[in-house]
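Chain by chain, the residues run as shown.
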Amino acid sequence: MGILEKIGEIEKEIARTQKNKATEYHLGVLKAKLAKYRSQLLEPQGKKGEKGEGFDVMKSGDARVALIGFPSVGKSTLLSTLTNTQSVAASYEFTTLTCIPGVIEYKGANIQLLDLPGIIEGASQGKGRGRQVIAVARTSDLVIMMVDVTKGEVQKDLLTAELEAVGIRLNKKKPGIYFKQKKAGGIKFNATCALTKIDEKMVQMILHEYKIFNAEVIFREDCTPDELIDVISGNRVYIPCLYVYNKIDQVSIEEVDRVAHLGNSVVVSCNMKLNLDYLLERTWQELSLLRIYTKKPGCAPDFSDPIILRGGASVEHVCHSIHRSIVAVFKYALVWGKSTKFSPQRVGIHHIMCDEDVIQIVTKK
Ligand SMILES: Nc1nc2c(ncn2[C@@H]2O[C@H](COP(=O)(O)OP(=O)(O)OP(=O)(O)O)[C@@H](O)[C@H]2O)c(=O)[nH]1
Ligand SMILES: [K+]
Ligand SMILES: [Mg+2]
């Protein structure tokens, strides 16, 4: 039996197994098996050219956004509208066959936007160019999942399932489970909170499915068996996702209003350039980028050319992006802005910055 058939068999067995107390261990083991086979599917096949030409686009700029969607939802139209790059758009499906990068310039940041071929159900198992597209999605800082508003939410659910199947978790945070494999000592299990979805026995069974007999496992949250499997598998990526409903020029205002109120959704019309400013603003927010303005002593801050950093960046990150050598001679910094109680405030190298902070770095002589 090939891996695909094995996956199919297990999926069927999970579907026909009733969920209750008596079957929950069995289901946990089945899910672990499924995760194992799926990860085998993702391993490189060894054949040259498998990756697909044109998909290895260099990362550039301050962040990377991947456009994922069914064929002909308007991905290329969006890229051509928001960037200086033209990507052919047409009414037939699979117009785009490779990865086309463009650059969005927004608030002083360069955001790389990747137009990709449309993907279809079964993409995660290698249908169409699904696997290459998904590999690119894994490397992105944000997924824009584009849906044709006239086709309904089924597109969104199908695509989310395809990405889930290959370990991409959208709008989810890493499970609070500490897991470390050991050489000996058996399985040490602990929980710092009450567990309602899993117990020690199931943890053992899932670990055994992975042939892990020595490990330390600490649950810090009330996690599920699926989340434990994610942590053991280790190759999961957690990426924010915006659901962009395109072609709102084709539906009623009531429908537009309904869709606009769904979670993480943005409604647009690429053809008619409707609401694209809001899409850019939401993209910026999801990427949680920071603009840091530098200031020299006795001079006004330089508001023309911000340093762009990731949310959570510290003074140390600021130093590095100015010059590698600065950290060695860093004495303290003066910061004006939202990250401080008063302005300016004298801070150390580990101080966490906020968007639009102004910084002056003082070095040892
Ligand atoms: N009515 C309407 N049509 C649109 C809109 N945006 C794009 N289209 C049309 O939808 C069709 C497909 O657009 P593309 O940009 O090629 O779609 P795609 O998602 O890149 O398609 P593939 O590359 O084939 O996956 C074209 O005929 C576009 O003109 C929109 O906002 N409204
Ligand atoms: K198309
Ligand atoms: Mg296209």
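Residues numbered from 1 in each chain as written. Chains lettered and ligands numbered in written order. Predicted model: local features only at pLDDT ≥ 70, side-chain atom pairs only at ≥ 80, totals over all residues.

Per an unreviewed UniProt entry, the recorded name for the chain is Developmentally-regulated GTP-binding protein 2, and the organism is Scylla paramamosain.

Trainee: Explain helix H9 (residues 276-287) to me, using residue names and the numbers behind them.
Mentor: One turn of the α-helix equals 3.6 residues, which is why residues spaced by three or four share an orientation. In this model H9 runs 16 Å from its N-terminal to its C-terminal C-alpha over twelve residues, within 8% of the 16 Å that 1.5 Å per residue would give. Among the residues of H9, Leu279, Thr283, Glu286 and Leu287 are the ones counted as buried. Each buried residue of H9 lies within a common arc of 95° when the element is viewed along its axis, so the set occupies one face. Summarising the contacts, the buried residues of H9 are in contact with strand E1 (63-69), strand E3 (109-115), strand E4 (142-148), strand E10 (241-246), strand E11 (265-267) and strand E12 (289-294). A positive backbone phi angle near 40° is found at Ser288, which sits one or two residues after H9. (Helix = DSSP H or I, 4+ residues; strand = E, 2+ residues; numbered from the N terminus. Expected span 1.5 Å × (residues − 1). Buried ≥ 20, exposed ≤ 12 C-beta atoms within 10 Å, placed from the backbone. Arc of directions from axis to C-beta. Contact = placed C-beta atoms within 7 Å.)

Trainee: Summarise the site of ligand 1; cite the residues concerned and give the values.
Mentor: Taken together, 25 residues sit near ligand 1, with Gly74, Ser76, Ala89, Thr96 and Gly118 positioned nearest. Considering every element that reaches the shell around ligand 1, the biggest residue donor is helix H3 (residues 75-82), with three residues. Grouping the constituent residues of the shell around ligand 1 by class yields eight nonpolar, 13 polar and four charged. (Near = placed C-beta within 6 Å. Nonpolar A, V, L, I, M, F, W, Y, C, P; charged D, E, K, R; others polar.)

Trainee: So what about unusual backbone geometry? Which residues, and what values?
Mentor: Cis geometry marks the peptide bond from Ser343 to Pro344; its omega dihedral reads -5°. Relative to the elements of secondary structure, Pro344 occurs in the loop between strand E14 (330-336) and strand E15 (345-347). Of note in this structure, Lys107 is not a glycine but carries a positive phi near 50°. Within the secondary structure, Lys107 sits in the loop between strand E2 (100-106) and E3. Here Asn275, not a glycine, exhibits a phi torsion of approximately 70°, which is positive. The class for Asn275 is partly exposed, based on 19 C-beta atoms found within 10 Å.

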